[in-house]
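Examining the three-dimensional arrangement
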Amino acid sequence: MPDFQAILETIYQDALKAHDKGVVASYIPELAKIDKSNFGICLITSEGKEYGIGDYKKPFSIQSISKVLALSKAMSLIGEAIWERIDVEPSGNPFNFLSLLEIENGIPRNPLINSGAIVIADILVSNLNNPKADFLKYVRDLTGDDTINYNKEVAKSEKNTGFKNYASANLLKSFKNLNNSIDDVLDFYFHQCSLEMNCNQLSKAFYLFANNGKCLQNKLHITDRQVKRINALMLTCGFYDEAGEFAFEVGLPGKSGVGGGIVALLPDEFVISTWSPGLNKKGNSKLGMLALAEFTTMTKQSIF
Ligand code: GLU
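Below you will find a few notes about this structure. The structure displayed is predicted, hence computed values, not measured ones.

1. Quick notes on the site of the ligand
By nearness alone, 12 residues border the ligand, and Y27, Q63, S64, Y189 and Y240 come closest of all. Between the ligand and N114, the relevant distance is 3.0 Å, taken from an oxygen atom to a side-chain nitrogen or oxygen of the residue. N165 places a side-chain nitrogen or oxygen 2.9 Å from an oxygen atom of the ligand. A total of 290 Å² of accessible area belongs to the ligand in isolation, and the protein chains cover 99% of it. The class makeup of the residues in the shell around the ligand is 6 nonpolar, 5 polar and 1 charged.

2. A look at the sheet that holds strand 5 (residues 149-150)
Here 3 strands make up an open sheet; going across it, the order is 4-6-5 and the pairing antiparallel. A strand with exactly one partner marks an edge of an open sheet, and here the two such strands are strand 4 (60-61) and strand 5. Examined bridge by bridge, strand 4 and strand 6 (residues 195-197) share 2 bridges and lie antiparallel to one another. Looking across to strand 6, one finds that F60 is bridged to M197.

3. Focus on the packing of aromatic side chains
All chains considered together, the criterion is met by 11 aromatic pairs. Here F135 and F188 contribute two aromatic rings whose centre-to-centre distance is 5.7 Å and whose plane-to-plane angle is 65°, an arrangement assigned as edge-to-face. Here F135 is found in helix 5 (residues 131-143), whereas its partner F188 is found in helix 8 (residues 182-194), with 53 residues between them in sequence. Of the two residues, F135 and F188, neither departs from the other in class, the shared state being buried. Between F239 and F246 the ring centres are 3.7 Å apart and the planes differ by 10°, which places this aromatic pair in the stacked class.

Conventions and cut-offs
Residues numbered from 1 in each chain as written. Predicted model: local features only at pLDDT ≥ 70, side-chain atom pairs only at ≥ 80, totals over all residues. Heavy atoms only, no water. Near = heavy atom within 4 Å. Polar contact = N/O pair within 3.5 Å; in protein donor to acceptor, adjacent residues only side chain to side chain. Areas by Shrake-Rupley, 256 points an atom, 1.4 Å probe, with all protein chains shown as cover. Nonpolar A, V, L, I, M, F, W, Y, C, P; charged D, E, K, R; others polar. Pairing = 2+ DSSP bridges. Helix = DSSP H or I, 4+ residues; strand = E, 2+ residues; numbered from the N terminus. Phe/Tyr/Trp six-rings, centres within 6.5 Å; stacked < 30°, edge-to-face > 60°. Buried < 20%, exposed > 50% of the residue type's maximum accessible area, 1.4 Å probe, protein only.

Laid out in structure tokens, this is it:
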């Protein structure tokens, strides 16, 4: 077994030396306040052993990473019916790109771009009794940690400036692919994206995707088949229009968010989360991607 702590130490030292740390997202004003010198990594192996370095216990806005958790909850609730409303193809376009949605008659390309995640939010609003509270409980149960919460300031900040998400929800509604009111669905979606977690909690939350659907608490949440589908979607659609680059450089299914977090995993082996708030031009954490590429190179562990 590789010496994971020594490998994380090397990656951390390399990240500290990096001159170009990328650019912090500013289109959600609250996110622009984050210091880009933050850097953390947390690895959890399939046996539950934890390794961490840097700011891996400092919470940040998980943003689009939440889309995978929302998708898994929706799959556990309504199963295959999801695919009548959302496709499973990479978009090759930015996360908030609207034109394809109109050309493709209101069927989002996949559940990890914004329009697809908004349809998933609609499904959760329809199928959960208290959508925001129930979804939060799900994430807390996966992680075994009741301190996890929404950041109301971030949710409000996005509500005030999320014009493209409103446009997307309106388009979906015009194609009859939203059953609830636009305000209810987006209120849920903005809260879901505002979840604050640290790298340690993220690795725990994603453990079920590396462990056949069972979380660290040994509870089965989704089936093997659903895990396979979610991991396939992360690999092909998890990094905006840079999913090919991530597969090429890192070789793991994963998901990034504009808060600078990335979670990636090797089924039956480990989950690894990184946080570095500066983004590259495609909206993925610049140093996070480099760190994960270095990790799979040094450990020789990837799905390929
Ligand atoms: N809440 C953000 C949005 O909808 C998520 C973006 C992201 O992390 O990709 O724009």
